[in-house]
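Spelled out from the first residue to the last, the chains are:
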Amino acid sequence: MLKTLLAHPLTRGLDIDDPRTTHLRLRIIQEKSFLRQIYQEWYRAIVAALPPGQGAVVELGAGGGFMSDFVPDLITSELFHCPKIRAVLDGLHLPFAAKSLRGIAMTNVLHHLPQPRLFFSEASRCVRSGGVLAMIEPWVTPWSRFVYTRLHHEPFEPEAPSWELPSSGPLSGANDALPWIIFERDRLKFEQEFPQWQIELIKPLMPFRYLLSGGVSLRSLSPGWTFGLWRHVENALGHWRSQLAMFAQIVLRRLD
């Protein structure tokens, strides 16, 4: 009932796998000042992780965002045709030459990939030595367990035995806990299977601000002018971030 009352009017009742829903999400992000500032902060963090030098940067799942405002010549990509997308491609079958990419960037994408091992193998082939996978993803903490299981529409299954997702639509298939499963719960398994990737950074983020923004599915719970105030509150709670964070910045570095 609470989710129904708070649902954003633009996306209420729409099929999440419909490309038009992704386009509407871009409009929502741009119109909601609080949420737009969150994405700007995320994009700056991703840009700071990208190495200098040769090679293109590809963004997967770019249809609902605006990272191209922050990365010159970014190859924006999506699974389906969307306005302002440069490439339609599947992250499990990347159409790039070996060692041709400086980086791959993602915002809330990994937890939708049905076969993460295949993606990591493809990324290993395409990203050059010293390049990165830089992403922002949902994270598992006691607080996020409470929020994601009650206010979010996507599955949240920290106890899932497998990394693979059941067959579903491109966006309806998900496990919000998947990044935590791979890089925290099953970190040793990841390092054994993909020694070419060094986990350089896992930084828990944002206990309250995304929730207050309403995300792309719910109405805003706080006006845009309060963004700085809430960031200050979160920074003051830095010691408790591992217990409260709803997201994490994750950076993997491609080794020789």
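Within any chain, residue numbers begin from 1 and follow the written order of that chain's sequence. In keeping with the model being predicted, local features are shown solely for residues with a pLDDT of at least 70 and side-chain atom pairs are shown and tallied solely at 80 or more, while totals for entire chains, interfaces and linings include all residues. As a rule here, side-chain values come from all non-hydrogen atoms in the structure, and water together with hydrogens is ignored.

Draft legend 1. View of the side chain of N108. A run of DSSP states H or I qualifies as a helix once it reaches four residues; a run of E qualifies as a strand once it reaches two. Both are numbered from the N-terminal end. Looking at the secondary structure, you find N108 in the loop between strand 4 (101-107) and helix 4 (116-126). Only protein chains enter the accessibility calculation, which uses a 1.4 Å probe; a residue whose area is less than 20% of its type maximum is buried, one above 50% is exposed, and one in between is partly exposed. Among the residues examined, N108 registers a relative accessible area of 18% and is labelled buried. Those residues within four positions of N108 in sequence are excluded, and the remaining contacts are Y39, W42, I136, E137, P138 and F247. Any two residues having at least one pair of non-hydrogen atoms within 4.5 Å are treated as being in contact.

Draft legend 2. Focus on the pattern of salt bridges. Within this document, salt bridges are pairs made up of a side-chain nitrogen of Lys or Arg and a carboxyl oxygen of Asp or Glu, the two lying within 4 Å of each other. Considering all chains together, one arrives at 11 salt bridges under this definition. Between R27 and E31 there is a salt bridge, and its shortest N-O distance comes to 3.0 Å. Taken together, the residues span about one helical turn, with R27 and E31 both in helix 2 (residues 19-31) at a distance of four residues. We classify R27 as partly exposed; its relative accessible area is 42%. Judged by its relative accessible area of 51%, E31 falls in the exposed class. One salt bridge connects R185 with D186, and the closest N-O pair in it is separated by 3.1 Å. The exposure class assigned to D186 is buried, which follows from its relative accessible area of 12%. One salt-bridge network, in which partners are shared between bridges, spans E41, R209, R231 and E234.

Draft legend 3. Region of the structure containing the packing of aromatic side chains. Paired rings are identified among Phe, Tyr and Trp, the last through its six-membered ring, by centres lying within 6.5 Å, and are further divided according to the angle between planes into stacked (under 30 degrees), edge-to-face (over 60) and tilted (the rest). One pass over the full model with this rule turns up 20 aromatic pairs. Measuring from centroid to centroid gives 5.3 Å for F34 and F227, while their planes differ by 75 degrees, and the two rings are edge-to-face. A residue pair is termed long-range when its members are at least 10 positions apart, and F34 in helix 3 (residues 33-49) and F227 in helix 9 (residues 227-236) qualify at 193 residues. For F227, a relative accessible area of 3% corresponds to the buried category. For the pair F208 and W230, a centre-to-centre distance of 6.5 Å together with 65 degrees between the ring planes defines the contact as edge-to-face.

Draft legend 4. Focus on the sheet that holds strand 3 (residues 87-88). Spatial ordering of the open sheet is given by 3-2-1-4-5-7-6, a layout of seven strands whose pairing is mixed. Pairing within the sheet leaves two strands with one partner each, and these edge strands are strand 3 and strand 6 (197-205). Direction of pairing for strand 1 (residues 56-60) relative to strand 4: parallel, over a ladder of five bridges. Paired with L60 across the bridge in strand 4 is M106. Note on pairing: two strands pair once DSSP finds at least 2 bridges between them.

Draft legend 5. Molecular detail of the side chain of T107. When you line up the elements, T107 lands in strand 4. Residues in contact with T107, not counting those within four places in the same chain, are Y39, W42, Y43, I46, M67 and I136.

Draft legend 6. Fine view of the pairing of strand 1. For strand 1, a buried count of four out of five residues is recorded, marking the element as mostly surrounded by other parts of the structure. Across two bridges, strand 1 lies against strand 2 (residues 75-78) in parallel orientation. Of the residues in strand 2, the one forming a bridge with V58 is I75.

Draft legend 7. Quick look at the packing of helix 2 against helix 3. Structural elements are reduced to axes, namely lines fitted to C-alpha atoms, with helices fitted over the stretch in contact, and the angle between N-to-C directions of any two is expressed from 0 to 180 degrees. Here helix 2 crosses helix 3 at 100 degrees, and the two axes come no closer than 5 Å. Taken together, the axes of helix 2 and helix 3 lie roughly perpendicular to each other. Contact residues: helix 2 offers I28, I29, Q30 and E31, while helix 3 offers S33, L35, R36 and Y39. Small angles under 35 degrees read as roughly parallel and large ones over 145 as roughly antiparallel, with 65 to 115 read as roughly perpendicular and the rest as oblique.

Draft legend 8. Spotlight on helix 6 (residues 178-185). With respect to burial, helix 6 is a largely interior element, six of its eight residues being buried. Those residues of helix 6 that fall on the buried side of the exposure criterion are L178, P179, W180, I181, I182 and F183. Along its buried surface, helix 6 packs onto helix 4, strand 5 (127-138), helix 5 (142-151), helix 7 (187-193), strand 6 and strand 7 (247-254).

Draft legend 9. Spatial organisation of the pairing of strand 4. With seven of seven residues buried, strand 4 lies mostly within the body of the structure. Bridge count between strand 4 and strand 5: six bridges; the pairing is parallel. Paired with G103 across the strands is V132, a residue of strand 5. Here the term right-handed applies to a crossover when the path leading from its first strand over the helix to its second strand runs clockwise, the strands being oriented away from the viewer. With helix 4 bridging strand 4 and its parallel neighbour strand 5, the resulting β-α-β unit is right-handed.

Draft legend 10. The arrangement of the environment of V233 in detail. Relative to the helices and strands, V233 is located in helix 9. We classify V233 as partly exposed; its relative accessible area is 29%. Taking the C-alpha atoms as reference points, V233 and Q30, separated by 203 residues in sequence, lie 24 Å from one another.

Bear in mind that shape data such as this cannot, by itself, settle questions of function.
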